[in-house]
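So the chains spell out like this:
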Amino acid sequence: MENSNPLINSSEIEDDYSQRPFRLNKQEINNPQLVITDFWERYSLQSFRKHLWNGFIKNLLMGNIDPLGTAELYIDMERMIEVTFLLRNQVTDNTPENK
């Protein structure tokens, strides 16, 4: 699955975006497993840990940033966060006290 979401300037994010996913398309919202599958097809656990370390810690501290790789990883992580947000809400909505 190709990530077709544009980069977003944080100053453009309004309150509406903070309360709902904006990196997911309608198909992904309806089936979050698509994003999870896509993510783990793109990364192994070992490679993800390496990218995370290199992109967010080592490269930032050393000032040796790969902008495209870091931006792509950021978008992928943001999408995963949004999917887990949806999955968490599905679990919360299905608890006995919420029925």
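What comes next concerns the included structure. (Residues numbered from 1 in each chain as written. Predicted model: local features only at pLDDT ≥ 70, side-chain atom pairs only at ≥ 80, totals over all residues. Heavy atoms only, no water.)

Here we take up the overall build of the protein. Helix and strand content of the protein: 5 helices and 0 strands. The secondary structure elements of the protein, listed N-terminal to C-terminal, are α-α-α-α-α. When the 99 residues of the protein are sorted by exposure, 27% land in the buried category. Taking all contacts inside the protein whose residues are at least 6 apart in sequence as the whole, residues at least 24 apart take part in 69%. For the protein, the accessible area works out to roughly 7400 Å², and carbon and sulfur atoms hold 55% of it. (Helix = DSSP H or I, 4+ residues; strand = E, 2+ residues; numbered from the N terminus. Buried < 20%, exposed > 50% of the residue type's maximum accessible area, 1.4 Å probe, protein only. Contact = heavy atoms within 4.5 Å. Areas by Shrake-Rupley, 256 points an atom, 1.4 Å probe, with all protein chains shown as cover.)

This part takes up the nonpolar core. Formed by Leu24, Val35, Ile36, Phe39, Tyr43, Phe48, Leu73, Met80, Val83 and Leu86, the largest nonpolar core amounts to 10 residues. Of all the secondary structure elements, the ones that give two or more residues to this core are α3 (33–42) and α5 (67–93). The greatest single-element share of this core, amounting to 4 residues, is contributed by α5. When near neighbours in sequence (up to four residues on either side) are disregarded, leucine 24 contacts Ile29, Val35, Arg79, Glu82, Val83 and Leu86. (Core = buried A, V, L, I, M, F, W, Y, C linked by side-chain atoms within 4.5 Å.)

Right, let's get into the packing of aromatic side chains. In this description, a pair of aromatic rings is defined by centroid distance and the angle of the planes. What the rule picks out here adds up to 2 aromatic pairs. On the basis of an interplanar angle of 85° and a centroid distance of 4.8 Å, the ring pair of phenylalanine 39 and tryptophan 40 is categorised as edge-to-face. Residue classification places phenylalanine 39 among the buried positions, given a relative accessible area of 5%. We classify tryptophan 40 as partly exposed; its relative accessible area is 40%. Ring centres of phenylalanine 39 and tyrosine 43 lie 5.0 Å apart, and the angle between their planes is 45°; on these two criteria the pair is classed as tilted. (Phe/Tyr/Trp six-rings, centres within 6.5 Å; stacked < 30°, edge-to-face > 60°.)

Tallied over the entire structure, the rule returns 5 salt bridges. A salt bridge links glutamate 78 to arginine 23; the nearest nitrogen and oxygen atoms lie 2.4 Å apart. Here the residue glutamate 78 occupies a position in helix α5, and arginine 23 occupies one in the loop between α1 (15–18) and α2 (26–30), the gap between them amounting to 55 residues. For the pair formed by glutamate 78 and arginine 23, the shared burial category is buried. Here arginine 79 makes a salt bridge to glutamate 28, at a shortest N to O gap of 2.3 Å. (Salt bridge = Lys/Arg side-chain N within 4 Å of Asp/Glu carboxyl O.)

Together, Trp53, Ile57, Leu61 and Met62 give the surface a local cluster of nonpolar side chains, amounting to about 490 Å² of exposed area. Within the secondary structure layout, tryptophan 53 lies in helix α4 (residues 45–62). (Patch = residues over 30% accessible without salt bridge, like charges linked within 9 Å, V, L, I, M, F, W, Y side chains within 5 Å.)

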